[in-house]
Amino acid sequence: MPRKINQEASPSRKLLGLFSLLLFSGEWYSLPDLAQIFKCSKQTISRLLEEIELSHEAKIERETRSRTCFYRICAPKKQPHVSLTPAEISQLVLCRDLVMHLLPDDLRASVARTIRQTTVLLPEPEQRCQAMDSCVQVSVRGHIDYTPFHGFLDSLLQSIREKHVCEIEYLAANRDQPKLHEIAPMRIIAYREALYVSAWKVTPKGTPEPVHPMLLALHRFKSVIPTRRTFNLPLPPSEAEGLFGLMPQEPFKARIRFDRSVAPYIRERRWSTEQSLTAQEDGGVILELAARSEAELMSWVLSFGTHAELISPQHMRHQLIQSLSGAKELYQECEVGAFR
């Protein structure tokens, strides 16, 4: 919900704020919602809506849901005259190229076509080639081809926008057969060269009630069927933005010591919204951060080999010791068995 306006705001400021909210959000709002946002009575909101209509600057739509009236401003039929600069279109091209490897082929073509069409807004036609020049190359390890999942992605995006429950078949990594779920999809998350769906598992009948949050890999979906059931739910609490890792777990603190050879790499990056760095006399650094996925943190620490040491939590340190002991035994067996 938008930030509430100061209770001491003047009537003209509330009128301008109401007009801007309805015009730029494109969302439906009820009188109680608007009264809460602007900290005034529903009668005041009704009067402000009438003033907007009387100004003939915008047409207000009304829709009744369960005896409650909702309002929004109609989009203008005549589009405003706008123009773009080559630099602005180049920024769109930059964003496109940074995420293009995550998109299905059809969606890549659609994005590229849409950006090409924006070049007609350039004041000088000869600037089009300059604006479309790509200066980015993305290097990807373990690329997933999302082309077979384009239909699923479209259905999920539409269901997120329209707040429709979906019936899905999902094959988890540790299962042999897919399982049926009814979910309220909330958003698509891009993380480490893969796409995930943040959702609520919901009750199967009646008004959708949240059962527990789910984080689902898009490439493990086997079917997506939007239903007529609609939901009105908040984002799952697992989406604690800024913590290390993606898998939803209870947040925890961790301390890792890095030697001088990788210390510059660690200092140059932000690993968590809650982190601190402590320089060591030998040139190394100790990183303390907030994380929410033990498996991801341990995998990350192991990726540094002998250049990183997990100090705490203690139970994770013991798990790493066991993992390293198992790896040592595995390689010793390979030497004895001559790669049998």
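Quick note: structure is the one above.
The rules behind the values
Residues numbered from 1 in each chain as written. Predicted model: local features only at pLDDT ≥ 70, side-chain atom pairs only at ≥ 80, totals over all residues. Heavy atoms only, no water. Pairing = 2+ DSSP bridges. Helix = DSSP H or I, 4+ residues; strand = E, 2+ residues; numbered from the N terminus. Axes fitted to C-alpha atoms, helices over the stretch in contact; angles between N-to-C directions. Contact = heavy atoms within 4.5 Å. Patch = residues over 30% accessible without salt bridge, like charges linked within 9 Å, V, L, I, M, F, W, Y side chains within 5 Å. Areas by Shrake-Rupley, 256 points an atom, 1.4 Å probe, with all protein chains shown as cover. Salt bridge = Lys/Arg side-chain N within 4 Å of Asp/Glu carboxyl O.

Description of the sheet that holds strand E12 (residues 308-312)
Picture the strands of a sheet paired through backbone hydrogen bonds; they go either parallel or antiparallel. Reading across from one edge, E10-E11-E9-E12 is the order of the four strands in this open sheet, with antiparallel pairing throughout. Pairing within the sheet leaves two strands with one partner each, and these edge strands are strand E10 (275-279) and E12. The average angle at which neighbouring strand axes cross in this sheet is 25 degrees, direction not considered. Both strand E9 (residues 252-258) and E12 contribute to a ladder of four bridges, which runs antiparallel. Note on E12: the bridge partner recorded for Arg-257 is Glu-309. Relative to E9, helix H9 (residues 294-302) is tilted by about 5 degrees, and along the sheet it contacts E9, strand E11 (285-291) and E12.

Some words on a nonpolar patch on the surface
Together, Leu-94, Leu-98, Val-99 and Val-138 give the surface a local cluster of nonpolar side chains, amounting to about 300 Å² of exposed area. Residue placement: Val-138 occurs in the loop between helix H6 (128-132) and helix H7 (150-162).

A word on the sheet that holds strand E2 (residues 60-65)
Across the sheet, three strands lie side by side as E1-E3-E2; this open sheet has antiparallel pairing. Two strands bound the open sheet, and with one partner strand each, they are strand E1 (29-30) and E2. Note that E1 and strand E3 (residues 68-73) share two bridges and pair antiparallel. Looking at E3, one finds that Ser-30 is bridged to Phe-70.

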